[in-house]
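Spelled out, the chains give:
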Amino acid sequence: MAETNERSLRQASIERKTGETDIELSFNVDGTGVSEIESEVPFMNHMLDLFTKHGHFDLKVQARGDVEVDDHHTVEDIGICLGRALREALGDKVGIKRYANVFLPMDEALAQVAIDVSNRPHLVYKAEYPSATVGSFTTELVHEFLWKFALEARITLHVIVHYGHNTHHMIEAVFKALGRALDEATSIDPRVKGVPSTKGVL
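Notes on the structure follow. (Residues numbered from 1 in each chain as written. Predicted model: local features only at pLDDT ≥ 70, side-chain atom pairs only at ≥ 80, totals over all residues. Heavy atoms only, no water.)

### Some details on the environment of Asp107
What counts, and what does not: A run of DSSP states H or I qualifies as a helix once it reaches four residues; a run of E qualifies as a strand once it reaches two. Both are numbered from the N-terminal end.
Relative to the assigned elements, Asp107 resides in the loop between β6 (99-106) and β7 (109-116). For the pair Asp107 and Gly164, spaced 57 residues apart in sequence, the C-alpha separation works out to 8.5 Å.

Okay, structure coming up:
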């Protein structure tokens, strides 16, 4: 297994090669919503595109994995790489707002995402989907992605799907809300001197 990191300003690039996946990912916090997503998991590509657009990030992903087994390793490792890229891109986190809470409706579905860029990884995930799959995508992989993303980014992440009856809409609301909440939490507040913590460090 080999991993390399490269950081410049509020952007970072990650490469992760294992016996199960081969991923190249670049992430720009201060982007314009441009995504170039290529993986063998079409539904994940769609969700990452929504996340990028609604967060006004720039995200490029090239991912290959053992999808002949299932999509698990590819989705998991994209979450790992995106989390590491976010952590690298934010650096010392000076001046960020740190917190955000977003409710997002998607037709009949309502999702809520609350974020603390805390350097303390934690995920609370509450969602009950009507179906176990969307196309060929297994819905339990949403949790896997979010947990690995929060863990590697070292953020506290609460995700609640309050209601809905279309599984696609419910998951789509999660990823749109995630993008918007992360955009707000990582935005620079000129009133913040140093980092927004009484500890003096995040």
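Read on, since the account is not over.
### Describing the pairing of β7
Worth spelling out the cut-off: Each residue is placed in one exposure class: buried if its accessible area under a 1.4 Å probe, protein chains only, is under 20% of its type's maximum, exposed if it is over 50%, and partly exposed if it falls in between. The pairing criterion is simple: DSSP has to find at least two bridges between the two strands.
Counting buried positions over the 8 residues of β7 gives 7, a clear majority of the element. In this structure, β6 lies alongside β7, joined through 8 bridges in antiparallel fashion. Paired with Tyr99 across the two strands is Asp116, which belongs to β7. Hairpin connection between β6 and β7: a loop of 2 residues separates the two successive antiparallel strands, and Asp107 in this loop has a positive phi of roughly 55 degrees. Relative to strand β11 (residues 156-163), β7 runs antiparallel, the two sharing 7 bridges.

### Examining the packing of helix α3 (residues 140-153) against helix α4 (residues 167-186)
This is how the line gets drawn: Fitting a line to C-alpha atoms yields each axis, with helices limited to the stretch in contact; the angle taken between N-to-C directions then spans 0 to 180 degrees. Every angle not falling under 35 degrees, over 145, or within 65 to 115 is termed oblique; those three ranges are roughly parallel, roughly antiparallel and roughly perpendicular. Two helices that cross are described as forming a left-handed crossing if the nearer one is turned anticlockwise from the farther one by less than a right angle, and a right-handed crossing if clockwise. Contacts are assigned to residue pairs with any non-hydrogen atoms lying within 4.5 Å of each other. Asp, Glu, Lys and Arg are counted as charged, while Ala, Val, Leu, Ile, Met, Phe, Trp, Tyr, Cys and Pro are counted as nonpolar; the rest, among them Gly, fall into the polar class.
For the pair α3 and α4, the least separation of the axes is 12 Å and the interaxial angle reads 15 degrees. By the angle between their axes, α3 is roughly parallel relative to α4. In this structure, α3 crosses over α4, and the sense of that crossing is left-handed. For the pair formed by α3 and α4, the contact residues are Val142, Phe145, Leu146 and Phe149 on the first element and Ile171, Val174, Phe175, Leu178 and Leu182 on the second. Looking at the contact of α3 with α4 residue by residue, the class counts come to 9 nonpolar, no polar and no charged.

### Digging into the pattern of salt bridges
The following threshold applies: Any Lys or Arg side-chain nitrogen found within 4 Å of a carboxyl oxygen on Asp or Glu counts as a salt bridge.
According to the stated counting rule, one finds 11 salt bridges in the structure shown. Glu152 is the salt-bridge partner of Arg87, the closest N and O atoms lying 3.9 Å from each other. With Arg87 in helix α2 (residues 72-90) and Glu152 in helix α3, this residue pair connects regions lying 65 residues apart in the sequence. A cluster of three or more residues bridged by salt bridges with shared partners is formed by Glu76, Glu144 and Lys148.

### Focus on the packing of aromatic side chains
Cut-off, in case you're wondering: Geometry of aromatic contacts follows a simple scheme: Phe, Tyr and Trp rings, the Trp one being its six-membered ring, pair when their centres are within 6.5 Å, and the pair is stacked under 30 degrees between planes, edge-to-face over 60, tilted otherwise.
For the structure shown, the criterion picks out 6 aromatic pairs. Relative to Phe57, the ring of Phe27 has its centre 5.0 Å away and its plane inclined at 55 degrees; by these criteria the two rings are tilted. Pair noted here: Phe27 is in strand β3 (residues 21-28) and Phe57 is in the loop between α1 (42-55) and β5 (58-65), with a separation of 30 residues, a long-range link. Note on Phe43 and Phe137: the rings are 4.9 Å apart at their centroids and 40 degrees apart in plane angle, and the pair reads as tilted. Within this pair, whereas Phe43 is found in helix α1, its partner Phe137 is found in strand β10 (residues 137-138), the two being separated by 94 residues in sequence. Side by side, Phe43 and Phe137 carry an identical accessibility label, which is buried.

### Here we look at unusual backbone geometry
For His56, which is not glycine, the phi dihedral falls at a positive 60 degrees. The partly exposed category is assigned to His56, whose relative accessible area is 43%. A positive phi angle is found at Lys93, which is not glycine, with a value near 65 degrees. Classification of Lys93 by relative accessible area gives buried; the value is 6%.

### As for the side chain of Lys93
Looking at the element boundaries, Lys93 is found in the loop between α2 and β6. Sequence-distant contacts of Lys93, defined by excluding residues within four places in its chain, comprise Val117, Val195, Pro196 and Leu202.

### Regarding α2
Here is the rule: The span one expects for a helix is its residue count, reduced by one, times 1.5 Å.
When the terminal C-alpha atoms of α2 are compared, their 27 Å separation across 19 residues agrees well with the 27 Å that a helix rising 1.5 Å per residue should span. Burial within α2 is extensive, with 16 of its 19 residues counted as buried. Gly91 sits one or two positions beyond α2 and adopts a positive phi of about 55 degrees.

### With respect to the sheet that holds β6
Reading across from one edge, β6-β7-β11-β8 is the order of the 4 strands in this open sheet, with mixed pairing throughout. The sheet is open, and its two borders are formed by β6 and β8 (122-126), each paired with just one other strand. Direction aside, the axes of adjacent strands within the sheet are offset by 10 degrees on average. Pairing between β8 and β11: 5 bridges, direction parallel. When the bridges of β11 are listed, Lys126 appears paired with Ile160. Against the sheet, α3 engages β8 and β11, with an angle of about 160 degrees to β8. Taken strand by strand, α4 contacts β6, β7 and β11, and its axis lies near 150 degrees from that of β6.

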